[in-house]
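Take a look at the letters that make up each chain.
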Amino acid sequence: MAEHFDVVIAGGAIMGSSTAWFLKKELGFSGSVLVVEKDPTYARSATMLSAASIRQQFSTPENIRLSRFGIDVIRSLKERFGPDADIGFHEKGYLTLASEAGVPILKANHAIQTAEGSDIALLDPDEIARRWPFLSTEGIALAAYGNSGEGWFDAWMWLDMIRKAAKGAGAVYTHAAVTGIAREGNRVTSVTLSDGREIACGTFVNAAGPAGGDVAKLAGIELPVEPRKRFVFVVHCREKVEGLPMLIDGTVISSGVYIRPEGQYFICGVSPEENADPRVGEDDYDVDYSLFDDVIWPGLATRIPAFEALKMVRAWAGHYDFHTFDHNAVIGRHPEVTNFVFCNGFSGHGIQQGPGAGRAVAELIAFGEYRSIDLSVFGYDRLAAGRPVVEANII
Ligand SMILES: Cc1cc2nc3c(=O)[nH]c(=O)nc-3n(C[C@H](O)[C@H](O)[C@H](O)COP(=O)(O)OP(=O)(O)OC[C@H]3O[C@@H](n4cnc5c(N)ncnc54)[C@H](O)[C@@H]3O)c2cc1C
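Per-chain numbering applies: the sequence of each chain, read as written, is numbered from 1 onward. Thresholds applied to this predicted model are a pLDDT of at least 70 for local features of residues and 80 or more for the giving and counting of side-chain atom pairs; totals over whole chains, interfaces and linings are not thresholded and use all residues.

### Some remarks on the pairing of strand 9 (residues 178–184)
Two faces, one strand: in a regular strand the side chains alternate between the faces of the sheet. Bridge analysis of strand 9 against strand 10 (residues 187–193) gives six bridges, and the strand direction is antiparallel. From the neighbouring strand, Val178 faces strand 10, where its bridge partner is Leu193. Counted between consecutive antiparallel strands, the loop separating strand 9 from strand 10 contains two residues, among which Gly185 sits at a positive phi close to 60°. What makes two strands pair is DSSP finding at least two bridges between them. Put simply, DSSP H or I for four residues or longer makes a helix, DSSP E for two residues or longer makes a strand, and each gets a number counted from the N terminus.

Put into structure tokens, the structure is as follows:
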């Protein structure tokens, strides 16, 4: 066997690149790191097709901590990545609207977020009307708003910056797909690439996004992470709607619809009903335009009457790295195949958690333990133990 790397990472988007960056740059790991990426344009990666937003409004402390580290990284871009580093961050907050039924959850979540140090305020309908007069308060009992530490950024600038830092620190990137993973008993010994190379490795990291389940299968490991389609609609509004944060409407008026500004436009979407959300084929990026006309637009126009004047400009589909067990990440070593490390299943909140997850995986590899945030709650062992991590959502 010609080549050997101490660490081989399958997937070079936000998870793979963050892991490589942390290993080689931030931790100064002396071993060799190979990132295997099947599409260096990243055109179909979840990272590039995401809404690129970051929030602290979670109910699981570890999710809040991961996203807070994302904010730390954003705040220290220039120290970490150089004086020209920029990701176009708009710190405009998330505004999560709740109906009466959602108030207890919103308050409980808020207590957890506050205990974690997050700067989230609870707002009543009068305060909402004062701050965002274009917004109808119909059906809103309470809202949570991120005064700081939440917003959105440019996905490509984020990925490109982290990837360049990883490369600059010595991580090697190669254009190929991992097509085979060889094991001897409970150890991964090598990977086979689509160009025929066979590469021996000390540790294997699965950072293959929506393909995470398929890559795990190559090593004979079951991982319920699969591609689920999500649509993002780019819309223009003839009327002026200024100062809109990332709005998540968790009331029954427009259940689950989100919208945020994007330059002169807005982007919006909605999560599908659970029973209408199948696994999709890896080449299925067709957009269901009826979702905008039938669900999103009516909901938005009820909440913000000026949005009667919306015009759809374009739309895209992306694949969530969907973890069917509990819609949360799987991070850490496989309990038996201990040199197989997961960094998978972020299910819609991964781009913001890339640096935190990459740091965690890098710490496991370099030190054999988590040093910054204990993420054992996201361990693979929870699947067999039937111990889901449940994020409490407002709807
Ligand atoms: C529409 C949409 C909106 C989203 N909005 C947000 C948001 O606002 N905020 C947020 O935090 N998250 C959001 N997400 C989720 C976020 O994008 C993902 O959780 C995150 O990008 C996952 O990163 P990843 O590196 O694991 O996966 P990906 O970005 O998909 O990268 C996986 C990489 O692995 C490569 N790969 C796959 N198989 C192989 C193989 N066999 N060999 C080699 N390479 C392989 C792929 O080519 C790809 O580049 C959104 C996702 C979507 C689809």
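### So, the pairing of strand 4 (residues 94–98)
Field definition: a residue is buried when 20 or more other C-beta atoms are found within 10 Å of its C-beta, exposed when 12 or fewer are, and partly exposed for counts in between, with C-beta atoms placed from the backbone. Most of strand 4 is tucked away, with five of its five residues classed as buried. Neither face of strand 4 is open: one carries Tyr94, Thr96 and Ala98, the other Leu95 and Leu97, and all of them are buried. In this structure, strand 4 lies alongside strand 13 (residues 246–250), joined through five bridges in parallel fashion. What sits directly across from Tyr94, in strand 13, is Met246.

### Considering the domain arrangement of the protein
All the domain ranges listed were derived from an automatic or database domain assignment. One can read the domain layout of the protein as domain 1 (3–52 + 155–226 + 325–385) and domain 2 (91–151 + 227–323). Between the C-alpha centres of domain 1 and domain 2 there is a distance of 30 Å. A residue pair is marked as a contact if its C-beta atoms, positioned from the backbone, fall within 7 Å. Residue-level contacts link 22 residues of domain 1 with 13 residues of domain 2. Only helix 2 (46–49) and strand 12 (225–237) provide two or more residues apiece to the side of domain 1 that touches domain 2. A breakdown of the residues in the side of domain 1 that touches domain 2 according to their chemical character gives nine nonpolar, ten polar and three charged. Just so you know the grouping, Ala, Val, Leu, Ile, Met, Phe, Trp, Tyr, Cys and Pro go in nonpolar, Asp, Glu, Lys and Arg go in charged, and all remaining residues, Gly too, go in polar.

### What to know about helix 3 (residues 61–75)
Helix span, as expected, comes to 1.5 Å for every residue beyond the first. Compared with an ideal rise of 1.5 Å per residue, which puts 15 residues at 21 Å, helix 3 spans 21 Å between its outermost C-alpha atoms and is within 8% of the ideal. Burial analysis of helix 3 places twelve of its 15 residues in the buried class, which makes it a mostly covered element. Along helix 3, the residues that are buried comprise Glu62, Asn63, Ile64, Arg65, Leu66, Ser67, Arg68, Phe69, Gly70, Ile71, Val73 and Ile74. Residues of helix 3 that are buried sit in contact with strand 3 (53–54), helix 4 (77–81), helix 5 (103–115) and helix 10 (354–367).

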